[in-house]
Amino acid sequence: MSAPAKSSAGLHLRLLAMLYDALVVLAMWVLTLVVLVAATGAAVTGFWVQVLLLAEAYAFFLFFWVRRGQTLGMLAWRLRVSDGNAPIGLRQAHLRIAGGILSLACLGLGHIWMLFDRQGRTWPDILSASSIERTGAKR
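All values derive from a computational prediction rather than experimental measurement. (Residues numbered from 1 in each chain as written. Predicted model: local features only at pLDDT ≥ 70, side-chain atom pairs only at ≥ 80, totals over all residues. Heavy atoms only, no water.)

**Comments concerning the overall build of the chain**
Here is step 1 of the chain: Scanning the chain for helices and strands turns up six helices and three strands.
Here is step 2 of the chain: Order of helices (α) and strands (β) in the chain, N terminus to C terminus: β-α-α-α-β-α-α-α-β.
Here is step 3 of the chain: The dimensions of the chain, computed from C-alpha atoms along their principal axes, are 55 × 35 × 25 Å.
Here is step 4 of the chain: Scored against the burial criterion, the 139 residues of the chain give a buried share of 37%.
Here is step 5 of the chain: When contacts within the chain are restricted to residue pairs at least 6 apart in sequence, those whose partners lie at least 24 apart make up 67%.
Here is step 6 of the chain: Only carbon and sulfur atoms are counted for the fraction: they give 70% of the accessible area of the chain, which is about 8,600 Å². (Helix = DSSP H or I, 4+ residues; strand = E, 2+ residues; numbered from the N terminus. Buried < 20%, exposed > 50% of the residue type's maximum accessible area, 1.4 Å probe, protein only. Contact = heavy atoms within 4.5 Å. Areas by Shrake-Rupley, 256 points an atom, 1.4 Å probe, with all protein chains shown as cover.)

Laid out in structure tokens, this is it:
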């Protein structure tokens, strides 16, 4: 049996996977806040809560990219992040996150960049020397 065909993931598929992942992260945040409010019996606010929620999102992407090569949103759209044929490592995952944050800070310019890049790369792709590919077979 041959390996599934791979092709570069288009912007629309990447955005759909990001939306799916955003909903998953939002659900994690709601659960965290419910647990914190239930444990303290009061509203939880402040810088430490923001840092905790940011750390959860960061850990979500690190875990799934390094461990599985795809987040839940990427799994739904049959996308995978890789360094050629190998899964990405921890350093590349950190660089992808940095590229994603930079892109968000520039109102998505880093992802729109793929429409003008000859190789169809986003800023996270370029910074981490990795790519998002669409696999041909469902997993």
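Past the structure itself, the notes keep going.
**Here's the deal with a nonpolar patch on the surface**
Here is step 1 of the chain: A contiguous nonpolar surface patch, about 380 Å² in accessible area, is contributed by Leu16, Tyr20, Leu72, Leu75 and Trp77.
Here is step 2 of the chain: Elements represented by at least two residues in the nonpolar patch include exactly helix H1 (11–40) and helix H3 (72–76).
Here is step 3 of the chain: For Leu16, the location among the structural elements is in helix H1. (Patch = residues over 30% accessible without salt bridge, like charges linked within 9 Å, V, L, I, M, F, W, Y side chains within 5 Å. Salt bridge = Lys/Arg side-chain N within 4 Å of Asp/Glu carboxyl O.)

**Some thoughts on the pairing of strand E2 (residues 79–82)**
Here is step 1 of the chain: Because side chains alternate across E2, one face comprises the buried residues Leu79 and Val81, and the other comprises Arg80 and Ser82, equally buried.
Here is step 2 of the chain: Pairing between E2 and strand E3 (residues 131–135): four bridges, direction antiparallel. Across the sheet, Leu79 pairs through a bridge with Arg134, a residue of E3. (Pairing = 2+ DSSP bridges.)

**Focus on the nonpolar core**
Here is step 1 of the chain: With twelve residues, the main nonpolar core is built from Ala9, Leu13, Ala17, Leu62, Trp65, Met74, Leu79, Val81, Ile88, Ala93, Ile97 and Ile132.
Here is step 2 of the chain: Secondary-structure elements contributing two or more residues to this core are H1, helix H2 (47–67), E2 and helix H4 (90–105).
Here is step 3 of the chain: Beyond its immediate sequence surroundings of up to four residues, Trp65 is in contact with Gln70, Thr71, Met74, Val81, Ile88, Ala93, Arg96 and Ile97.
Here is step 4 of the chain: Grouped together as the second largest cluster of nonpolar side chains are five residues, Val24, Val25, Ala57 and Phe60 included. (Core = buried A, V, L, I, M, F, W, Y, C linked by side-chain atoms within 4.5 Å.)

**Considering unusual backbone geometry**
Backbone geometry follows two general trends: most residues other than glycine have a negative phi, and most peptide bonds adopt the trans configuration.
Here is step 1 of the chain: One non-glycine residue, Arg78, adopts positive backbone phi at about 55°.
Here is step 2 of the chain: Summarising the element assignment, Arg78 is placed in the loop between H3 and E2.
Here is step 3 of the chain: Positive phi outside glycine occurs at Ala129, with the angle close to 50°.
Here is step 4 of the chain: With respect to the helices and strands, Ala129 occurs in the loop between helix H6 (123–128) and E3.
Here is step 5 of the chain: The class of Ala129 is exposed, set by a relative accessible area of 53%.

**Examining the pattern of salt bridges**
Here is step 1 of the chain: If you walk through the whole model with that rule in mind, you get three salt bridges.
Here is step 2 of the chain: Here Arg121 ties to Asp117 by a salt bridge, and the two come within 3.2 Å at their closest N and O atoms.
Here is step 3 of the chain: Salt bridges linked by common partners bring Arg14, Arg96 and Asp125 together as one network.

**Things to note about the packing of H2 against H4**
Here is step 1 of the chain: Relative to each other, H2 and H4 sit at 135°, their axes nearing to 9 Å. In terms of orientation, H2 and H4 fall into the oblique class. You can see that H2 and H4 cross each other, and the crossing is right-handed. Residues Tyr58, Phe61, Leu62, Trp65 and Val66 of H2 pack against Leu90, Ala93, His94, Arg96 and Ile97 of H4. (Axes fitted to C-alpha atoms, helices over the stretch in contact; angles between N-to-C directions. Parallel < 35°, antiparallel > 145°, perpendicular 65-115°, else oblique. Left-handed = near helix turned anticlockwise from the far one by under 90°.)

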